[in-house]
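Structural features, examined
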Amino acid sequence: MVSKKCVAMILAGGQGSRLGALTKNVAKPAVPFGGKYRIIDFPLSNCVHSGIDTVGVLTQYQPLELNTYIGNGNPWDLDRSMGGAYVLPPYQSGASGEWYKGTANAIYQNIGFMEGFNPENVLILSGDHIYKMHYGKMLEEHIAQDAAVTIAVMPVDWEEAKRFGIMNTDENGIITEFEEKPQNPKSNLASMGVYIFKYDVLKKYLTDDERDPESANDFGKNIIPKMLADGEKMVAYSFEGYWKDVGTIQSLWEANMDLIDDPPKFDLNDRKWVIYSRNYALMPHYIGETAKITNSTVTEGCEIDGEVDHSVIFSAVKIGKGAIVKDSVIMPGAVIGDGAVVEKAVIGVEATIGKNAKVGVSPESADNKYNSDYCTHGIVLVEGNATVADGEDIPKGSMIQA
Amino acid sequence: MRNDTMGIILTGDEKISPLTDIRANSALPVAGRYRIIDFVISNMANAGIVNVGIATESNYSSLMDHTRSGKPWDLDRKNSGLQILPPNLEKEKFGVIKGNIDLLAGIRDYIHRSTETYVILSLGNMVYNIDFAAVVKQHKAQQADITVVYKDVNGMEEADLSHYTLLDIDGEGCVTDIEVQPYYPKTTNASLEIFVMEKALLESIIDECSARGDVDFVKDAVIKKMDGMRIFGYKFDGHIYKVDSMKTYYQTNMQFLKEDRRKELFNRKRPIYTKTKDQSPTKYGADAKCTNSFISDGCVIEGTVINSILSRGVKVAKGAVVKDSIIMQNSVIEPDVEVSYVVFDKEVTITKGRKLIGQENYPLAISKGSVI
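Worth saying up front: this structure is predicted, and the values here are computed from it rather than measured.

Calculation criteria
Residues numbered from 1 in each chain as written. Chains lettered and ligands numbered in written order. Predicted model: local features only at pLDDT ≥ 70, side-chain atom pairs only at ≥ 80, totals over all residues. Heavy atoms only, no water. Salt bridge = Lys/Arg side-chain N within 4 Å of Asp/Glu carboxyl O. Helix = DSSP H or I, 4+ residues; strand = E, 2+ residues; numbered from the N terminus. Buried < 20%, exposed > 50% of the residue type's maximum accessible area, 1.4 Å probe, protein only. Axes fitted to C-alpha atoms, helices over the stretch in contact; angles between N-to-C directions. Left-handed = near helix turned anticlockwise from the far one by under 90°. Contact = heavy atoms within 4.5 Å. Parallel < 35°, antiparallel > 145°, perpendicular 65-115°, else oblique. Pairing = 2+ DSSP bridges. Domains from an automatic or database assignment. Buried area = accessible area lost by both parts, 1.4 Å probe. Phe/Tyr/Trp six-rings, centres within 6.5 Å; stacked < 30°, edge-to-face > 60°. Lys NZ or Arg CZ within 6 Å of the ring centre and 35° of its normal.

1. Considering the pattern of salt bridges
Counted under the stated rule, the structure contains 43 salt bridges over all chains. K244 of chain A is the partner of E254 of chain A in a salt bridge, and the nearest nitrogen-oxygen pair spans 3.1 Å. Residue E254 of chain A is located in helix α8 (residues 249–257), and its partner K244 of chain A is located in strand β13 (residues 243–245); the two are separated by ten residues in the primary sequence. Take E254 of chain A: its relative accessible area is 27%, and that puts it in the partly exposed class. One salt bridge connects D214 of chain B with K224 of chain B, and the closest N-O pair in it is separated by 3.8 Å.

Written out as structure tokens, the structure is:
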């Protein structure tokens, strides 16, 4: 029987409800990011570079686009005969078929899938973080330490620490305490939601957890505290580098802006750690006679005739003559009409901004009918396929729905 | 139902030094991220053809490296798919390929083994976007023996016209006369060297010509057999560019700066596919000035780029000016460099402050990996 040293399971079923209209029709891992990627490209590419060739992607919320996107895994070199990428939706079985109740339950329901590969270890990942990480090194450490579970942690600002699951460790990196969103954190080592379990340990805890009717079936709330209480060997693996949870409109916008700093906070132009993505056979981009592009990234299929500064322009975007785009994220296929001005905005897939429209220029006001709690810090969000009419004035902080 | 047409792409060895020293002509980078052969392979794939053979003459490792399994064109199939056919050096006649019949004779077994009824024959070094399904449909409707795709090049200088094979075509679309590169052109219907016929006919032509020592498909087979056959023209109204010299290479690339050409050659109905390299988006710096240019992914542009075509991963440093040029993959233009009318092959580096100026009708080509 085939035996895999490590199989990865990516939790990609979440809605990402704080992304507002961006995740109305797609799951958060399928949200476009960084010009030509989707969020899920990051964990998938990390897996391949880490030598992990068997990846289950657990989908639930609005899975169609994500399922099609992953397909047979070929863009990530995961179309393998022995392993590869598999989309794992919830399924009916006997009398009990049910939705994924929590992160732990989602993995529990796929024990049958994992058994097929007879894994020694299982890597649990979240499908909604932006980072480059060598899981192989973490796996080596996990094996060398003979840990029951190894949890990736990274130092965060002390101020921020209360938003995370915080790991307190001894001098050898053994986890002694775990606190979910503590008011007075004792350490600033935050869990990144990246776990490597010994498979037999994982299976035991998932099975026990499933029998507990009181459990929320969640790794952070149930599995990890239970293992700690049982005295299992739990090791913290320190990660240093860029890592971002793009769970809100603001953090998604910020993470995109991080790519265009000079030098960038997060570098995607790194041939040693290429982020793979599904390719759509688009021509190179064309920069017109009247265009001016600075401090920005532009990708395939775009036709730019306007002015672009400090922005991330995704594929097949059209920016008309005299248009000005600043501090913005323009997702695939969006059209910015001639003379339109777009500032500090996230423009969704195939949205249309009419000629001479103003988006994110006028100041915020309390009586703006488009005001939305999702749009903090004055960022404007225009949903995919939505249209802003010619000449319309959309103030800062608006969310425009399709 | 399985598609009943197969495609054969003939890749010649027209030399465009120094660019073809290391690769087949059909494997030349064009329009930034493509190779010339991408156009014909995509045309065939877009017509639903699943059996494509590429007959090669020399430097074919460049083509193999590019096409690999045929995946980008969805031609990695269990049955047939895309195949590179190296020249058959075993047969005694080979050594020098004197004409396209020699090339076809070398792949005679492959043609024979294929199970399709019809065959499209085309060249690998032409940039065009055609609906091959429509060509085959017309061929069948007219019950033609051979269909020749042509273009009315009305308006072309007589001297240029003399480079083409010209067709006399009657009101029914029937080809009544063919002249190869005539000194005094009688018509403006230029053959595009694209033919459709039954596979069995092609096989008999190859066998007959080989037996007689004939080498040219048009002169020795089609023209000689004209009286007994139904030869029809298929009029192609789009743009088509054959790349067989440095001048045509340069001009073909520059077509992509025109909006109507981009719309035609990269239309949504029939996409052009190519091998992907997963480059990150192109980055423009604070002082970048870029106008009227066609830019691939993975570039870093901090200087000025005007009227140019950039392949993937090109770096243009601050203060550098690139004008009217074609810069291939991973070339580096250092600070304060000035280049115009140049063609840089892959991985060329031009060091700080240097100048290199070619002319529009004579662009300056620099070979792969050079450091200036």
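Following the structure, the description resumes.
2. Details of the packing of helix α6 (residues 199–211) of chain A against helix α7 (residues 219–229) of chain A
All names here are of chain A. Look at α6 against α7: their axes get within 11 Å of each other, and the N-to-C directions meet at 115°. Handedness of the crossing formed by α6 with α7: right-handed. From α6, V201, L202, Y205, L206 and D209 reach across to α7, where they touch F219, N222, I223, K226 and M227.

3. Considerations on the packing of helix α7 (residues 199–212) of chain B against helix α8 (residues 217–225) of chain B
All names here are of chain B. At a minimum axis separation of 11 Å, α7 and α8 run at an interaxial angle of 110°. By the criterion of interaxial angle, the relationship of α7 to α8 is roughly perpendicular. Crossing of α7 against α8: the hand is right-handed. Listed contacts from α8 to L202, I205, E208 and C209 of α7 are F217, D220, A221 and K225.

4. Some remarks on the pairing of strand β9 (residues 165–169) of chain B
Working note: regular strand, side chains alternate between the two faces of the sheet. Residue and element names in this part refer to chain B. Pairing of β9 with strand β10 (residues 175–180) involves five bridges; the strand directions are antiparallel. Looking at the pairing, I169 lines up with V175 of β10. Where β9 folds back onto β10 in an antiparallel hairpin, the turn is made up of five residues, including G173, whose phi is positive at roughly 90°.

5. Notes on the side chain of Q279 of chain B
Here Q279 of chain B is to be found in the loop between α10 (259–265) and β14 (282–284). Residues contacting Q279 of chain B, with those up to four places away along its chain left out, are K36, Y37, N269 and R271 of chain A together with D297, G298, R312, G313 and N330 of chain B.

6. Topic: the sheet that holds strand β15 (residues 292–294) of chain A
Residues and elements named next belong to chain A. Spatially, β15-β18-β21-β24-β27-β30 is the arrangement adopted by the six strands of the open sheet, whose pairing is parallel. One side of each edge strand has no neighbouring strand; the edge strands of this open sheet are β15 and β30 (393–394). Relative to β30, strand β27 (residues 358–359) runs parallel, the two being bridged by two bridges. Counted as the bridge partner of V359 is I394 from β30.

7. Some remarks on the environment of V122 of chain A
Residues and elements named next belong to chain A. Inspection of the secondary structure assignment puts V122 in strand β6 (residues 121–126). Remark: the alpha-carbon pair of V122 and K5, spanning 117 residues in sequence, is separated by 8.4 Å. Setting aside residues no more than four positions away along its own chain, V122 makes contact with C6, V7, M9, M114, Y195, I196, F197, Y199 and L202.

8. So, the domain arrangement of chain B
In many reports, interface size means the accessible area that the parts give up when they come together. All names here are of chain B. In terms of domain boundaries, chain B breaks down into domain 1 (5–265) and domain 2 (283–366). Taken together, the 17 residues of domain 1 in the interface contact 22 residues of domain 2. Surface buried jointly by domain 1 and domain 2 totals about 1,700 Å² across both partners, of which 67% is contributed by carbon and sulfur atoms. For the interface between domain 1 and domain 2, the tally reads one salt bridge.

9. So, the packing of aromatic side chains
Residues and elements named next belong to chain A. A full pass over the atoms with the stated rule returns 26 aromatic pairs over all chains. Taking the centre distance of 5.5 Å and the plane angle of 40° together, the rings of F197 and F219 count as tilted. Pair noted here: F197 is in strand β11 (residues 189–198) and F219 is in helix α7, with a separation of 22 residues, a long-range link. Residue F197 shares its accessibility class with F219, and that shared class is buried. Taken together, F33, Y37, F42, Y242 and F266 form an aromatic cluster joined through their ring pairs. The positively charged end of K344 is found above the aromatic ring belonging to W253, 5.0 Å away from the centroid.

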